[in-house]
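Analysis of the macromolecular model
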Amino acid sequence: MHRPLRLTLDRGALAQNWRWLQERAGVPAGAAVKANGYGLGAREAAATLLAAGCRTFFVSTYAEAIELGPLGEDVSLVVLHGIGADEMEAAAQSTARPVLNSVAQVHRWKEIAPTRACDVMVDTGMNRLGLRTEEIAVLDGLAIDTVHSHLACADEDSPMNGQQLQRFREVAAELPAKCYSLANSAGICLGLDYSFGLVRPGLALYGGVPRREAEGHIRQVARIETQIVQRRTIRVGESCGYGATFVAGRDTEAAIVNLGYADGYLRGFSARGSDFAGEFALPVLGRVSMDLVALGCDIAADLKEGDWVEINYDLPTVSAASGLSQYELLTVLGSRFERRWVD
Ligand SMILES: *Cc1c(COP(=O)(O)O)cnc(C)c1O
């Protein structure tokens, strides 16, 4: 069935972003494919990164691990949220490694598979998930593959980065494991001190630019195109859209396109998003509706019903314009897109 809205996903850009992050880190890079690969498609993203050489994948929950399916024998699938009380069975049956985040989760793993390899999260200041440093004695006897911690402020120049690095070094000295891992996408940009044995990028794989050090190196992965439903003239003095927030100061040409907040093009783009048709930048007129957006197209005389228009979805610039985070811009994308992976 034809869909008038499509998301084109660039495998080459995804693989290239992963390679740049791994090179920058100087150690193996895994890939966070949680939240359905940041909204773009976890299976396709994982297959692409697997072919590029990635050997460690991170999901949030066992449900996501099961949806992703098997990745191959020499590949690690790691469940960041560990084992909830209702996930004992899933954890016992899965070949994925849990990240043990609390004393209760450690006890669950000891019940399920005390000798099988697991990962551990140790909190160094984020206070979200992870054992406190004074709790790590509970890990005695476990076969720990990787000890993780997570940076709270890596996308900013915060003194907290250095403090967490120092604390994590102390943890690493105390807690024997095969591997240690601290850095997400932004953490990789902070420098080699943050690399340890494995890095865990997510956002930057999918085209997000977490810090200025990554500018010019990260390629856009997701492109949005939408088809024009109707072209019309809004006469001087007339309004357009809900709330009549746009009033034409002169006769204004508008292209009404198949895109709206139900697709993740949120109302925050009203009167500020900018879309492209070929070389033209077309402003959003008035409010974004659930299924439609009006674009001013005075400068595009030939644009007509049925033509495709590219939406500006360059994550750093669109984030700055909309006030939404680059993470939100990816993960809000809805289910009405035709998703096309291209090489
Ligand atoms: C999501 C996540 C990542 C990836 O973070 P990005 O900022 O998207 O690179 C890394 N580590 C943990 C623990 C995460 O939850």
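Worth saying up front: this structure is predicted, and the values here are computed from it rather than measured. (Residues numbered from 1 in each chain as written. Predicted model: local features only at pLDDT ≥ 70, side-chain atom pairs only at ≥ 80, totals over all residues. Heavy atoms only, no water.)

Some points on the overall build of the chain
What counts, and what does not: Secondary structure counts use DSSP, requiring at least four H or I residues in a row for a helix and at least two E residues in a row for a strand, with both numbered from the N terminus. Residue exposure (1.4 Å probe, protein chains only): buried if accessible area is under 20% of the type maximum, exposed if over 50%, otherwise partly exposed. Contacts between residues were defined by any pair of non-hydrogen atoms, one from each residue, lying within 4.5 Å. For the accessible areas, the method is Shrake-Rupley and the probe is 1.4 Å, while residue cover comes only from the protein chains on display.
Check the secondary structure of the chain and you find ten helices and 17 strands. When each of the 343 residues of the chain is scored for burial, the buried share is 51%. The long-range fraction of contacts in the chain, counting pairs at least 24 apart against all pairs at least 6 apart in sequence, stands at 64%. Summed over its atoms, the accessible surface of the chain is roughly 15500 Å², and 49% of this surface lies on carbon and sulfur atoms.

Examining the site of the ligand
Defined as follows: By convention in these notes, a residue is near a molecule or strand provided one of its non-hydrogen atoms lies within 4 Å of it. Throughout this description, a polar contact denotes any pair of N or O atoms lying within 3.5 Å of each other; where both atoms belong to protein, one of them has to be capable of donating a hydrogen while the other can accept it, and for residues adjacent in sequence the pair is counted only when both atoms sit in side chains. For cavity detection a 1 Å grid was placed over the protein atoms alone, and a set of points counts as a cavity when a 1.4 Å probe fits there but cannot get out; an open set counts as a pocket when protein lies on both sides within 12 Å along at least five of seven lines, with lining residues being those that have an atom within 4 Å of a point. If over half the atoms of a molecule are within 2 Å of the grid points of a cavity or pocket, the molecule is regarded as sitting in it. Under the convention adopted here, Pro, Cys and the residues Ala, Val, Leu, Ile, Met, Phe, Trp and Tyr are nonpolar, Asp, Glu, Lys and Arg are charged, and Gly plus all remaining residues are polar.
Residues in contact with the ligand amount to 14 residues; listed here are only the nearest, K34, Y38, S185, L203 and Y327. Within the backbone of L203, an N or O atom sits 2.8 Å from an oxygen atom of the ligand. Placement of the ligand is best described as lying within the largest pocket. Taken together, the residues of the shell around the ligand break down into seven nonpolar, four polar and three charged.

Notes on the domain arrangement of the chain
Heads up, the rule is: Domain delimitation in this document rests on an assignment produced automatically or drawn from a domain database. What counts as buried area is the accessible surface, traced by a 1.4 Å probe, that two parts surrender upon association, with contributions from both included.
Assigned domains within the chain: domain 1 (11-208) and domain 2 (222-342). Placing a centre on the C-alpha atoms of domain 1 and another on those of domain 2 gives a separation of 37 Å. At the junction of the two partners, domain 1 supplies 16 residues and domain 2 supplies eleven residues. In total, domain 1 and domain 2 occlude about 1200 Å² of area from one another, counting both sides; carbon and sulfur atoms represent 64% of this. When the buried surface of domain 1 facing domain 2 is broken down by residue, R11, L40 and L203 rank first, second and third, together holding 47% of it.

Focus: helix 9 (residues 315-322)
Convention followed: Read the arc as the range of directions from the helix axis to the C-beta atoms.
Buried within helix 9 are the following residues: L315, V318, S319 and S322. Down the axis of helix 9, the sector holding all buried residues measures 105 degrees, keeping them to one side. On its buried face, helix 9 is in contact with helix 10 (326-331). Of the residues one or two after helix 9, G323 is the one with positive phi, at around 80 degrees.

Describing the side chain of N161
By the element assignment, N161 lies in helix 7 (residues 159-174). In this structure the side chain of N161 is engaged in a polar contact, spanning 3.4 Å, whose partner is the backbone nitrogen of A154. Setting aside its immediate chain neighbours within four residues, N161 contacts L151, C153, A154, E156, L190 and Y194.

Quick notes on the packing of aromatic side chains
Stated formally: Think of it this way: a Phe, Tyr or Trp ring, Trp meaning its six-membered ring, pairs with another when their centres are within 6.5 Å, and the plane angle makes it stacked under 30 degrees, edge-to-face over 60, tilted otherwise.
Following the criterion strictly, the structure yields five aromatic pairs and no others. Considering the side-chain rings of F168 and F196, the 4.9 Å spacing of their centres and the 75 degrees angle between planes classify their relative orientation as edge-to-face. Of this pair, F168 sits in helix 7 while F196 sits in the loop between helix 8 (185-189) and strand 9 (222-234), placing them 28 residues apart in sequence. Overall, the relative accessible area of 0% leaves F168 in the buried class. A relative accessible area of 24% means that F196 is categorised as partly exposed. Aromatic side chains Y265 and F269 sit 4.2 Å apart centroid to centroid with 10 degrees between the ring planes, which places their arrangement in the stacked category.

Describing the nonpolar core
For the record, the criterion: Here, nonpolar core means buried Ala, Val, Leu, Ile, Met, Phe, Trp, Tyr and Cys residues that are tied together by side-chain atoms lying within 4.5 Å of each other.
The biggest cluster of nonpolar side chains holds 105 residues, and the ones touching the most others in it are L40, F57, L139 and Y206. Ranked by residues supplied to this core, first place goes to helix 1 (residues 11-25) with six residues. Both domain 1 (11-208) and domain 2 (222-342) contribute no fewer than three residues apiece to this core. Dropping the residues within four chain positions of it, L139 is found in contact with V106, V120, L131, I144 and L175. Grouped together as the second largest cluster of nonpolar side chains are eight residues, I234, C240, F246 and A294 included.

With respect to the side chain of Q105
Within the element layout of this structure, Q105 appears in helix 6 (residues 103-112). A distance of 2.9 Å separates a polar side-chain atom of Q105 from the backbone nitrogen of N101.

So, the pairing of strand 7 (residues 144-148)
Rules: When the strands point away from the viewer, a crossover counts as right-handed if the path from the first strand over the helix to the second runs clockwise.
With five of its five residues buried, strand 7 lies for the most part within the structure. Taking the sense of rotation as the criterion, the β-α-β connection linking strand 7, helix 7 and strand 8 (residues 179-181) turns out right-handed.

With respect to the layout of surface pockets
The condition that has to hold: Grid points are joined across faces, edges and corners, and a volume is the space filled by probe spheres set on the points.
Volume-wise, the largest pocket comes out at about 720 Å³. K34, R128, H150, N184 and Y327 are, among the 33 residues lining the largest pocket, the residues nearest its centre. Per-domain counts for the lining of the largest pocket show at least three residues from each of domain 1 (11-208) and domain 2 (222-342). Put simply, the second largest pocket is a space of about 220 Å³. Along the walls of the second largest pocket sit A65, I66, G69, P70, L71, G72, V75, S76, L77, S94, T95 and A96, which together make up its complete lining. At the level of secondary structure, the elements contributing two or more residues to the lining of the second largest pocket comprise helix 4 (62-68) and strand 4 (76-79). Broken down by class, the residue content of the lining of the second largest pocket amounts to seven nonpolar, five polar and no charged.

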